[in-house]
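Letter by letter, the chains look like this.
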Amino acid sequence: MSVTVAAITFGIVFLAELPDKTALASLMLGAKYRASHVFAGIAAAFALQVGIALVAGHLLSLLPHRWVEGVTGVLFLAGAAMLLFHGGDEEDGHAAKEPSANSFWKVAGASFVVVAIAEFGDLTQIMTANLAAKYADPLAVGLGAWLALCAVAGIAIVGGQKLLKHVPMRMIIRVAAGVMVLMAGVSIFRAITG
């Protein structure tokens, strides 16, 4: 395994993931739930997505781009609706929820599903597949990509915890839902225009 290839992959994927929708999802989940629970689910989802990229990345380029954009748009709209209709029931406190002892699997599982769906066919997943093909070192590329994705998620989760100390949860939910609706519009527009 080449440390240089892992470092190059880390840098490229880290920069590409910073403005990504998964960072927003990580921030939202980190603002609502215990950070360690959220991170466990997200790290597992990233491992799955990197594995898919390494094994079947070349197949992703065969998917119709319009179809992927359309599905992504619908998922963003569904996510925004869930935030607005289910997130509004939350107390307006400034502390993150402390899940019960049995809720680790619920929080980690929900985090896993959100990120696994959001990352499918994502730019960083396609980049990871391309880097694996270019360097012919899937272990180094996979490790570099996974560490970069986890680093961005960790930053977003901690940011979510800090943000909640200063901004009410209802405001965070409304802003996040608005961003998701905007992203849905962009995806649906791309699906229609091709």
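Residues numbered from 1 in each chain as written. Predicted model: local features only at pLDDT ≥ 70, side-chain atom pairs only at ≥ 80, totals over all residues. Heavy atoms only, no water.

## Digging into the overall build of the chain
For step 1, the next point in the chain: Each helix and strand counted, the chain has eight helices and zero strands in total.
For step 2, the next point in the chain: When the helices and strands of the chain are read in sequence order from the N terminus, they spell out α-α-α-α-α-α-α-α.
For step 3, the next point in the chain: Buried positions account for 40% of the 194 residues belonging to the chain.
For step 4, the next point in the chain: When contacts within the chain are restricted to residue pairs at least 6 apart in sequence, long-range pairs at least 24 apart make up 93% of them.
For step 5, the next point in the chain: For the chain, the computed accessible surface area is about 10200 Å², with 73% contributed by carbon and sulfur atoms. (Helix = DSSP H or I, 4+ residues; strand = E, 2+ residues; numbered from the N terminus. Buried < 20%, exposed > 50% of the residue type's maximum accessible area, 1.4 Å probe, protein only. Contact = heavy atoms within 4.5 Å. Areas by Shrake-Rupley, 256 points an atom, 1.4 Å probe, with all protein chains shown as cover.)

## Remarks on the nonpolar core
For step 1, the next point in the chain: Formed by 20 residues in total, the largest nonpolar core has its most connected members in V13, V38, I42, F46, V115 and L149.
For step 2, the next point in the chain: Here this core takes seven residues from helix 7 (residues 138-164), the largest share from any one element.
For step 3, the next point in the chain: Sequence-distant contacts of L149, that is, excluding residues within four places in its chain, are made with V13, E17, F46, V50, E119 and T124.
For step 4, the next point in the chain: Counting residues in each nonpolar core, the second largest holds six residues, with V5, L131, A132 and V141 among its members. (Core = buried A, V, L, I, M, F, W, Y, C linked by side-chain atoms within 4.5 Å.)

## Observations regarding a nonpolar patch on the surface
For step 1, the next point in the chain: On the surface, M1, F10, L139, L143 and L147 cluster together into a nonpolar patch covering about 460 Å² of accessible area.
For step 2, the next point in the chain: Ranked by residue count, the leading element in the nonpolar patch is helix 7, at three residues.
For step 3, the next point in the chain: Among the secondary structure elements, M1 is positioned in the segment before helix 1 (3-17).
For step 4, the next point in the chain: Taking relative accessible area as the criterion, M1 reaches 56% and is therefore assigned exposed. (Patch = residues over 30% accessible without salt bridge, like charges linked within 9 Å, V, L, I, M, F, W, Y side chains within 5 Å. Salt bridge = Lys/Arg side-chain N within 4 Å of Asp/Glu carboxyl O.)

## Description of the packing of helix 2 (residues 21-32) against helix 5 (residues 104-119)
For step 1, the next point in the chain: Close contact between helix 2 and helix 5 brings their axes to 10 Å; oriented N to C, the two are set at 165°. Between helix 2 and helix 5, the angle falls in the class roughly antiparallel. Taken as a pair, helix 2 and helix 5 cross one another with a handedness that is right-handed. Each of K21, T22, A25 and L29 in helix 2 lies in contact with helix 5, whose residues at this interface are S111, V114, V115, A118 and E119. (Axes fitted to C-alpha atoms, helices over the stretch in contact; angles between N-to-C directions. Parallel < 35°, antiparallel > 145°, perpendicular 65-115°, else oblique. Left-handed = near helix turned anticlockwise from the far one by under 90°.)

## Comments concerning the side chain of D137
For step 1, the next point in the chain: Secondary-structure assignment places D137 in the loop between helix 6 (123-135) and helix 7.
For step 2, the next point in the chain: Its relative accessible area of 15% is what places D137 among the buried residues.
For step 3, the next point in the chain: Residues contacting D137, with those up to four places away along its chain left out, are M1, S2 and A132.

## Concerning the packing of helix 1 against helix 6
Packed helices, taken two at a time, are described by their axes: the angle between them and the distance between them.
For step 1, the next point in the chain: Taken N-terminus to C-terminus, the directions of helix 1 and helix 6 make an angle of 160°; their axes are 10 Å apart at the nearest point. On the basis of the axis angle, helix 1 is roughly antiparallel to helix 6. Where helix 1 crosses over helix 6, the handedness of that crossing is right-handed. Contacts from V5, I8, T9, I12, V13, A16 and E17 in helix 1 reach T124, M127, T128, L131 and Y135 in helix 6.
For step 2, the next point in the chain: For the contact of helix 1 with helix 6, a count of residues per class yields eight nonpolar, three polar and one charged. (Nonpolar A, V, L, I, M, F, W, Y, C, P; charged D, E, K, R; others polar.)

## Let's talk about helix 1
For step 1, the next point in the chain: Compared with the 21 Å implied by 1.5 Å per residue over 15 residues, the 21 Å span of helix 1 between its first and last C-alpha is a close match.
For step 2, the next point in the chain: All buried positions along helix 1 are accounted for by V5, A6, T9, V13, F14, A16 and E17. Projection of helix 1 onto a plane perpendicular to its axis shows the buried side chains occupying an angular sector of 160°, all on one side. Of the exposed residues in helix 1, the ones pointing more than 90 degrees away from its buried face are V3, T4 and L15.
For step 3, the next point in the chain: Near the N-terminus of helix 1, the side chain that reaches the backbone nitrogen of T4, with its oxygen 3.3 Å away, is that of S2. (Expected span 1.5 Å × (residues − 1). Arc of directions from axis to C-beta. Polar contact = N/O pair within 3.5 Å; in protein donor to acceptor, adjacent residues only side chain to side chain.)

## Focus: the confidence of the model for the chain
For step 1, the next point in the chain: When pLDDT is averaged along the chain, the result is 76; 74% of the residues meet or exceed 70.
For step 2, the next point in the chain: This model gives residues 88-102 a pLDDT under 50, and the stretch forms 29 contacts once residues within four places in sequence are excluded. (pLDDT = per-residue confidence, 0-100.)

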